[in-house]
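Coordinate inspection notes
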Amino acid sequence: MKFQNTREFAQQLDSQDELKNYRNEFIFPQHQGKNVIYFTGNSLGLQPKSAKKYVDEVMNDWANLAVEGHFYAEKPWWDYHERFAEPLSKIVGAKPSEITVMNTLTVNLHLLMVSFYRPTKTRYKIICEEKAFPSDQYMFQSQVNHHGFNPEDAIVEIKRRKGEHNIRLEDILAKIEEVGDELALVLFGGVNYYTGQVFDMKTITEAGHKVGANVGFDLAHATGNIELELHDWNVDFAAWCSYKYMNSGPGNASGCFVHEKHHQSNLPRFAGWWSQKKEKRFKMEPIFDPIESADGWQVSNLPVLSLAPYLASVEMFAEVGMEKLIAKRNQITAYLEFILHEIDKEVDSTFEIITPSNQDERACQLSVFLHGEGRSLFDYLMSNGVITDWREPNVIRLAPVPLYTSYEDMYEFGQRLKQGIQSLHK
Ligand SMILES: *Cc1c(COP(=O)(O)O)cnc(C)c1O
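This structure is a prediction, so every number in the text was calculated from the model and none was measured. For every chain, the first residue of its written sequence is number 1, and the numbers climb from 1 along that sequence. For this predicted model, a pLDDT threshold of at least 70 governs which residues receive local features, and a threshold of 80 or more governs which side-chain atom pairs are given and counted, while totals over whole chains, interfaces and linings are taken from all residues. Only hydrogens and water are set aside when side-chain values are computed; all heavy atoms of the structure are taken into account.

Looking at the sheet that holds strand β7 (residues 125–129)
Each pair of strands is called paired provided DSSP finds at least two bridges between the two strands. For the purposes of this entry, the term helix denotes a DSSP run of H or I that reaches at least four residues, the term strand denotes a run of E that reaches at least two, and both are numbered from the N terminus. One open sheet holds the 7 strands; their spatial order is β6-β12-β11-β10-β9-β7-β8, and the pairing between them is mixed. Each edge of the open sheet is held by one strand with a lone partner, namely β6 (99–102) and β8 (155–158). Going from strand to strand, the sheet's axes swing by 20° on average, the running direction of each strand aside. In the sheet, strand β9 (residues 183–189) pairs with strand β10 (residues 214–218) via 5 bridges, with the strands oriented parallel. For L185, the partnering residue across the bridge sits in β10 and is N214. Between N-to-C directions, angles span 0 to 180 degrees; the directions come from axes that are lines fitted to C-alpha atoms, helices contributing only their stretch in contact.

A look at the UniProt feature "binding site: pyridoxal 5'-phosphate" (unreviewed entry) in the chain
Under the UniProt annotation, "binding site: pyridoxal 5'-phosphate" (unreviewed entry) lies at L105, T106, F133, P134, S135, D136, D218, H221, Y243, W273 and N301. A maximum C-alpha distance of 31.4 Å among these annotated residues, which run over 197 residues, shows that they spread across the structure rather than meeting at one spot. When you line up the elements, Y243 lands in the loop between β11 (237–241) and β12 (254–258). The criterion used for residue contact is that any of the two residues' heavy atoms lie within 4.5 Å. When neighbours within four sequence positions are excluded, Y243 is seen to be in contact with S43, L44, G45, S248, G249, P250, G251 and N252. Counting through the fold element by element, W273 comes out in the loop between β12 and α10 (278–281). Here's how the labels work: a residue is buried when its accessible area is under 20% of the maximum for its type, exposed when over 50%, partly exposed in between, all with a 1.4 Å probe on protein chains only. For W273, a relative accessible area of 37% translates into the label partly exposed. Those residues in contact with W273 that lie beyond four places of it in its chain are R281, F282, M284, V299, S300 and N301. UniProt positions are given in the numbering used here, feature names are shortened, and annotations may be inferred rather than shown by experiment.

What about the UniProt feature "modified residue: N6-(pyridoxal phosphate)lysine" (unreviewed entry) in the chain?
When the UniProt feature table is mapped onto this chain, "modified residue: N6-(pyridoxal phosphate)lysine" (unreviewed entry) is found at K244. Secondary-structure assignment places K244 in the loop between β11 and β12. Excluding anything up to four places from it in sequence, K244 contacts G41, N42, S43, L44, G45, A220 and H221.

Here's the deal with the packing of aromatic side chains
Pairing of aromatic side chains requires ring centres within 6.5 Å, counting the rings of Phe and Tyr and the six-membered ring of Trp. Pairs whose planes differ by under 30 degrees are stacked, by over 60 edge-to-face, and all others tilted. Tallied over the full model, the rule gives 24 aromatic pairs. Summarising the aromatic geometry, the rings of F9 and Y335 are spaced 5.9 Å apart at their centres and angled 45° between planes, so their arrangement reads as tilted. With F9 in helix α1 (residues 7–15) and Y335 in helix α12 (residues 322–347), this residue pair connects regions lying 326 residues apart in the sequence. With respect to class, F9 is no different from Y335; both count as buried.

Some words on the sheet that holds strand β14 (residues 366–370)
If you walk across this open sheet you meet the 4 strands as β13-β14-β17-β16, and the pairing is antiparallel. Two strands close off the open sheet at either side, each with one partner strand: β13 (351–353) and β16 (389–391). The average angle at which neighbouring strand axes cross in this sheet is 30°, direction not considered. Sheet analysis places β13 next to β14, joined by 3 bridges and oriented antiparallel.

Remarks on the pairing of strand β17 (residues 395–398)
Residues of β17 alternate between two faces, with V395 and R397 on one and I396 and L398 on the opposite face, all of them buried. Of the strand pairs in this sheet, β14 and β17 are connected by 4 bridges, and their pairing is antiparallel. Among the inter-strand pairings, S367 is bridged to a residue of β17, identified as R397. In this structure, β16 lies alongside β17, joined through 3 bridges in antiparallel fashion.

Remarks on unusual backbone geometry
Note that the residue after E392, namely P393, is joined by a cis bond; omega there is 0°. Structurally, P393 can be placed in the loop between β16 and β17. Despite not being glycine, Q32 shows a phi value in the positive range, around 50°. Relative to the assigned elements, Q32 resides in the loop between β2 (30–31) and β3 (34–35).

Describing α12
Working rule for helices: expected span equals 1.5 Å times residues minus one. Its 26 residues give α12 an end-to-end C-alpha distance of 37 Å, which sits within 8% of 38 Å, the value for a rise of 1.5 Å per residue. Directly beyond the C-terminal end of α12, a positive phi value near 55° is found at D348.

Section: the site of the ligand
One heavy atom within 4 Å of a molecule or strand is enough for the residue carrying it to be called near that molecule or strand. The local shell around the ligand consists of L105, T106, F133, D136, D218, A220, H221, Y243 and K244. Within 3.5 Å is the distance limit for a polar contact, defined as a pair of N or O atoms, with the added protein rule that one can donate a hydrogen and the other accept it, and that residues adjacent in sequence qualify only through two side-chain atoms. In this structure, Y243 approaches the ligand through a side-chain N or O atom, which is 2.5 Å from an oxygen atom. K244 is positioned such that a nitrogen or oxygen atom in its side chain is 2.5 Å from an oxygen atom of the ligand. Note on areas: Shrake-Rupley, 1.4 Å probe, and residue coverage restricted to the protein chains presented here. Calculation on the ligand without its partners gives an accessible area of 390 Å², and the protein chains cover 83% of this total. Class assignment of the residues belonging to the shell around the ligand gives a composition of 4 nonpolar, 2 polar and 3 charged. When residues are sorted by character, Ala, Val, Leu, Ile, Met, Phe, Trp, Tyr, Cys and Pro go into the nonpolar class, Asp, Glu, Lys and Arg into the charged class, and all the rest, Gly among them, into the polar class.

Structure below.
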């Protein structure tokens, strides 16, 4: 499609947008009486209007039923989490039995590493991406230390080539082969948080398995954003947070995937009463007999109040379906890219989009390196109703989330960006 940098053109795209009504299902912060232009759904998704209703339902059941709510609430609390399995399995390409929700992301990756990072004297290395999200880096270091290995030796980062912003698949595959028999685990992001690069999880998984390693993914920036086929790709495990693209609210519960081939294994794990088979759970007997599904990796009973807004959001995703989301995501991201290039020409500035330009290698995020104004331009945007985020040394990340971002937002953003640059040049 040939894009135009005009309000009329953007409005026309909005009027043809199949998802346009979903924008009204979300609550936007206000700037001078209008919705902000919200580019940080990759950090904290907006609040769906239905979230409050789901939370109120739990509050009311708690008030009216107290302890009996565990079994007699409208949605009983003791198996509240089971309502996620079906819709989430569609979002990540899994079987319902492969899905569970619990805890938070880094905690879950640690718990899953108890099962899937089982280093031996000779096979103990972990392959990950260079500049992984800091929480993941600390997690790797502490896991390796916990098992008595040296992080400098045991953690193998795949680096970007000099002068390049993204990691090449061929370099990942070559390193997996090189580490070979020493490789215990490949744990990669599905989408790099900084650049928005999407990794080829299918190929990485195959390569890891070929040398005898387990393969898992941190899907913080992938779930609800890209197409996933975790089951068919034969991924061993994965986890994601729900507060980014999944709009479940700050610090909210995380989702996990454990491939069904591991459900009946006797992999070591950290156990609790919620991993115990349901029919035995309340017998309180001493012998542990875990559920033969991803739920068998749960530990504690679940934070139902925080699951409630996540459920509201997951049901909305299930209703829309990833296919439509991805179609709009591709178009609106391409439109934003077009707008950025247009403004760059008009103001003779020097942005550099460091996210891959190839649609197969990116999702709904453009990371823009500001060679010119930098931090002052970011501050200008923030005080003019454009919510974006700043990453050192000079990058803003823009995520036009398809569920609630409009094409007119992209046009309007371009105008404010131009005004910002012009006012800073004066
Ligand atoms: C956001 C994010 C996290 C956050 O972890 P929490 O445990 O939820 O605080 C971890 N890893 C990646 C890749 C992220 O993007």
